[in-house]
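Here are the chains, one letter per residue:
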Amino acid sequence: MRLGNSNIVLNRAIRKNEVDVNDSATYKGIFIKSVIFLVVTFLGVGLSYLLLNYDIGLLMMLLLFGSIATVVTGIISFLSVRACKVTGSIYCFFEGLTIGTISILISEVLEGAVAAAILGTLATVAVVVFLFMSRIIKVGNGFLKFLLIFAISLFLTQLLFRFYIFIIGGTYSLNIQIVFSILSSFLATLYLFFDLRNIERVVENHLSKKYEWYVSFGIIYTVLWLYVEILRIVVLFAGRRK
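How each quantity is defined
- Residues numbered from 1 in each chain as written.
- Predicted model: local features only at pLDDT ≥ 70, side-chain atom pairs only at ≥ 80, totals over all residues.
- Heavy atoms only, no water.
- Helix = DSSP H or I, 4+ residues; strand = E, 2+ residues; numbered from the N terminus.
- Rg over C-alpha atoms; globule rule 2.2 N^0.38 Å.
- Buried < 20%, exposed > 50% of the residue type's maximum accessible area, 1.4 Å probe, protein only.
- Contact = heavy atoms within 4.5 Å.
- Areas by Shrake-Rupley, 256 points an atom, 1.4 Å probe, with all protein chains shown as cover.
- Lys, Arg positive; Asp, Glu negative; His and termini not counted.
- Charge placed at Lys NZ, Arg CZ, Asp CG, Glu CD.
- Salt bridge = Lys/Arg side-chain N within 4 Å of Asp/Glu carboxyl O.
- Phe/Tyr/Trp six-rings, centres within 6.5 Å; stacked < 30°, edge-to-face > 60°.
- Lys NZ or Arg CZ within 6 Å of the ring centre and 35° of its normal.
- Patch = residues over 30% accessible without salt bridge, like charges linked within 9 Å, V, L, I, M, F, W, Y side chains within 5 Å.

### What to know about the overall build of the chain
Working step 1: Secondary structure assignment for the chain yields eight helices and zero strands.
Working step 2: The order of α-helices and β-strands along the chain, N terminus first, is α-α-α-α-α-α-α-α.
Working step 3: What you see for the chain is a C-alpha radius of gyration of 19 Å, in line with the 18 Å of a compact globule of 242 residues.
Working step 4: Looking at the chain as a whole, 44% of its 242 residues qualify as buried.
Working step 5: Long-range pairs, those at least 24 residues apart, make up 86% of the contacts in the chain between residues at least 6 apart in sequence.
Working step 6: A total of about 13,200 Å² of accessible surface is found on the chain, and carbon and sulfur atoms cover 70% of it.
Working step 7: When the 20 positive and 12 negative side-chain charges of the chain are each reduced to one mean point, those points stand 8 Å apart.

Next up, the structure:
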């Protein structure tokens, strides 16, 4: 879950006048770098497929290392514009490895779940882009305040609930898991609006081209997060039917 507000980084950049009129960020450049991050992610997915068939031991080692690497590189990527190109690529690769492994294993026991999650993610992204571009939903200060409050509230609620479950020695009910997953997917959807606004600000303020990597990572991070949450919802609803 993203609790940080990258507007802080962008606001700092604008105040410092990190403007490069001759070589500033463009929508085309951001799109290309987003595609690069996606390609790196799919390389991780492809490696997960190969290792699941030929070397599960090595896959488990990489997943263990990747669980640490994604946390570290994810934090660095959101805090450092300069490092984002490298750390963002590392994050996408290992996140692709993890997501690929999970998706392949789920597809073997629940046919159509991965396809449904992919279609759900693509549909959500398309709707968000349409609503943002048509200005039906405006990402102003009120939206950003609601996003931050909702993100913190959801994080604290999940944390307190896990603590409560730990104290009483119980487990999550299926309905509770579904509720949390739906709320998390809604939060990820809100962050898509936030990421699009960041992209717009970078281009409109003619910030340096290095910010293309930064905002591209932000939106790819959110899309991957959204996919995972939608996949979890699909699996949970399938388990509920059984």
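### A few points about the pattern of salt bridges
Working step 1: For the coordinates displayed, the defined rule picks out six salt bridges.
Working step 2: Glu 229 is paired through a salt bridge with Arg 232; the nearest N and O atoms lie 2.8 Å apart. Remark: Arg 232 and Glu 229 occur in helix α8 (residues 211-241); sequence separation between them is three residues, near one turn of the helix.
Working step 3: Glu 229 sits in the buried class, given a relative accessible area of 8%.
Working step 4: Taken together, the salt bridges that share partners define one network made up of Arg 135, Arg 197, Glu 200 and Glu 204.

### Brief notes about the packing of aromatic side chains
Working definition: an aromatic ring pair is given by the centre-to-centre distance plus the angle between the planes.
Working step 1: Applying the stated criterion to the full structure yields 17 aromatic pairs.
Working step 2: A centroid spacing of 5.3 Å and a plane angle of 85 degrees characterise the contact between Phe 93 and Phe 94, whose relative ring orientation is edge-to-face.
Working step 3: Overall, the relative accessible area of 24% leaves Phe 93 in the partly exposed class.
Working step 4: On the basis of relative accessibility, which here comes to 10%, the residue Phe 94 falls in the buried class.
Working step 5: Ring centres 5.8 Å apart and planes at 50 degrees place the aromatic pair Tyr 191 and Trp 225 in the tilted group. In this pair, Tyr 191 sits in helix α7 (residues 174-204) while Trp 225 sits in helix α8, placing the two residues 34 residues apart along the sequence.
Working step 6: Of the residues examined, Trp 225 reaches a relative accessible area of 10% and is grouped as buried.
Working step 7: Taking NZ or CZ as reference, Arg 135 lies 5.0 Å from the ring centre of Phe 132, over its face.

### Here's the deal with a nonpolar patch on the surface
Working step 1: A cluster of nonpolar side chains, Phe 31, Ile 32, Val 35, Ile 36, Val 39 and Leu 43, forms an exposed patch at the surface whose accessible area comes to about 530 Å².
Working step 2: In this structure, Val 39 sits in helix α2 (residues 27-54).

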